Amino acid sequence: MRIDEQPRARWTDEQPRTRWVDQAAFRGGRPDLRLGTRSHRVDRAGAASGDRISVQHTVRTSTAEYSLLLNAPEWFGRRGVGDALRDAVAELRAVDLTYGPTRPDSLVSRLRRGEIAPESYPPLADLVDRCAAMRAATDGWFDAWAVPGGFDPGGLLGGWAVERAAARLRAAGIHDYAVLSGADLTVRGHAAHGGPWRVAVHHPTEAHRPPLVLEMTAGAVGTSGVTGRQGHVVDPHTGEPAEQLVAATVVGPDLAVADAYATALYAAGPAGLAWFRTGSDYRALFAHRRR
C-alpha cells in the first residue's frame, strides 16, 4: 500500500471541525475551493443569501498571491467588510515587507546578521519560537537554522502570514472567511451558501484521480511540493535536496504548523508519518513517493 492510499475511514472526524465527505454522495456537487492543482481555485458553487454580504479579493506580494473570501451578515455593512479586508491585506503586505528573508532590511535579515535579538519585536519572537517548536516536533526535519546564512523561516512564514491576516479578520468581527495561497488555506465559519466550506484536495501528481473532499468550519491545509519544483526543500541533516516525495499535504487547526509539518514530511519521506500517529491534531492527507 502506498503511503498516500491509507484507508480513508481512519481519518474520518478525527480532525476537529473537518470531516470527509462521502465521495459518492458528493458526486454532482461542486466544491467552494480547490487545492492541489497548479494554483488554488475558487468555484462559484452558490450565491450568498439575501441577508449576507460576500466579498472576494486577490492580493499579490513579492513572494505570493493570496485570495480572501469574506462572508458577513448584512447588518455588518459593506464599509465594515471593506475595513476588515483592508486590515487583512495590510497584514499580508506587512509580513512580506517586514519578515521576508530575501529582503536585506527585513527583521529576519537583521536577525541573521546579529543586529537585533528576537525579543526586540514580539512578532519576531513568536516566529522564532514557532520555528523552534516545529524543529522539536519533527525531530529536526523542519529546521529554520539549517540553511546557509542562518535563520530562514520560509517553510512556515507563508502560513504564519495567512494566520495573522485571519486573526485581523476575526478581530474586525468577520467569522466566516477563507484565505488561500497556492495549495494552502485556512478557513473559518461558513461559505456564502450557508454551509461548511467544501474543499476539494486534488492529488498532487495524478490528475485523473477524483479529489478528496473535506467539509470545514475551522482548520487549515498546508502543502509542500505541489508546484513540481525540485530541490526547493533541503534535507536539514545532509544539506542535500530532498528527493523521496513529490508532494506532502497536511491538515490541522493552524496553517503555520500544517505548512511546517508538510515541509518536514517532504524532507523526511515516509518516516515522517510517525509524527501523526500519537494523537496529534494534524493529519497527513498526501505523502506521495517520487517514482
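For the structure itself, consult the block above.
Residues numbered from 1 in each chain as written. Predicted model: local features only at pLDDT ≥ 70, side-chain atom pairs only at ≥ 80, totals over all residues. Heavy atoms only, no water.

## Looking at the overall build of the chain
Working step 1: Secondary structure summary: the chain contains 6 helices and 12 strands in total.
Working step 2: Going through the 291 residues of the chain one by one, you find that 52% of them count as buried.
Working step 3: Within the chain, counting contacts between residues at least 6 apart in sequence, those at least 24 apart form 63% of the total.
Working step 4: Here the chain displays about 13,200 Å² of accessible surface, and carbon together with sulfur accounts for 49% of that area. (Helix = DSSP H or I, 4+ residues; strand = E, 2+ residues; numbered from the N terminus. Buried < 20%, exposed > 50% of the residue type's maximum accessible area, 1.4 Å probe, protein only. Contact = heavy atoms within 4.5 Å. Areas by Shrake-Rupley, 256 points an atom, 1.4 Å probe, with all protein chains shown as cover.)

## Notes on the packing of helix 5 (residues 154–171) against helix 6 (residues 255–268)
Working step 1: Where helix 5 contacts helix 6, the two axes come as close as 7 Å, and the packing angle between them is 160 degrees. What the angle tells us is that helix 5 and helix 6 run roughly antiparallel. Considering how the two elements wind past one another, helix 5 and helix 6 form a crossing that is right-handed. From helix 5, G155, L156, G158, G159, W160, V162 and E163 reach across to helix 6, where they touch L255, A256, D259, A260 and T263.
Working step 2: Residues that form the contact of helix 5 with helix 6 fall into these classes: 6 nonpolar, 4 polar and 2 charged. (Axes fitted to C-alpha atoms, helices over the stretch in contact; angles between N-to-C directions. Parallel < 35°, antiparallel > 145°, perpendicular 65-115°, else oblique. Left-handed = near helix turned anticlockwise from the far one by under 90°. Nonpolar A, V, L, I, M, F, W, Y, C, P; charged D, E, K, R; others polar.)

## Quick look at the sheet that holds strand 4 (residues 52–60)
Working step 1: Across the sheet, which stays open at both edges, the 7 strands sit in the order 4-5-6-7-10-11-12 with antiparallel pairing between neighbours. In this open sheet, the two strands that pair with only one neighbour each are strand 4 and strand 12 (283–289). Taken over all neighbouring pairs, the strand axes of this sheet differ in orientation by 5 degrees on average, direction set aside.
Working step 2: Both strand 4 and strand 5 (residues 65–73) contribute to a ladder of 9 bridges, which runs antiparallel. Its bridge partner lying in strand 5, I53 is registered against A72.
Working step 3: Contacts from helix 2 (residues 78–99) reach strand 4 and strand 5, with the element oriented near 25 degrees to strand 4.
Working step 4: Relative to the sheet, helix 5 contacts strand 5, strand 6 (176–181), strand 7 (184–188) and strand 10 (218–224), its axis offset from that of strand 6 by approximately 160 degrees. (Pairing = 2+ DSSP bridges.)

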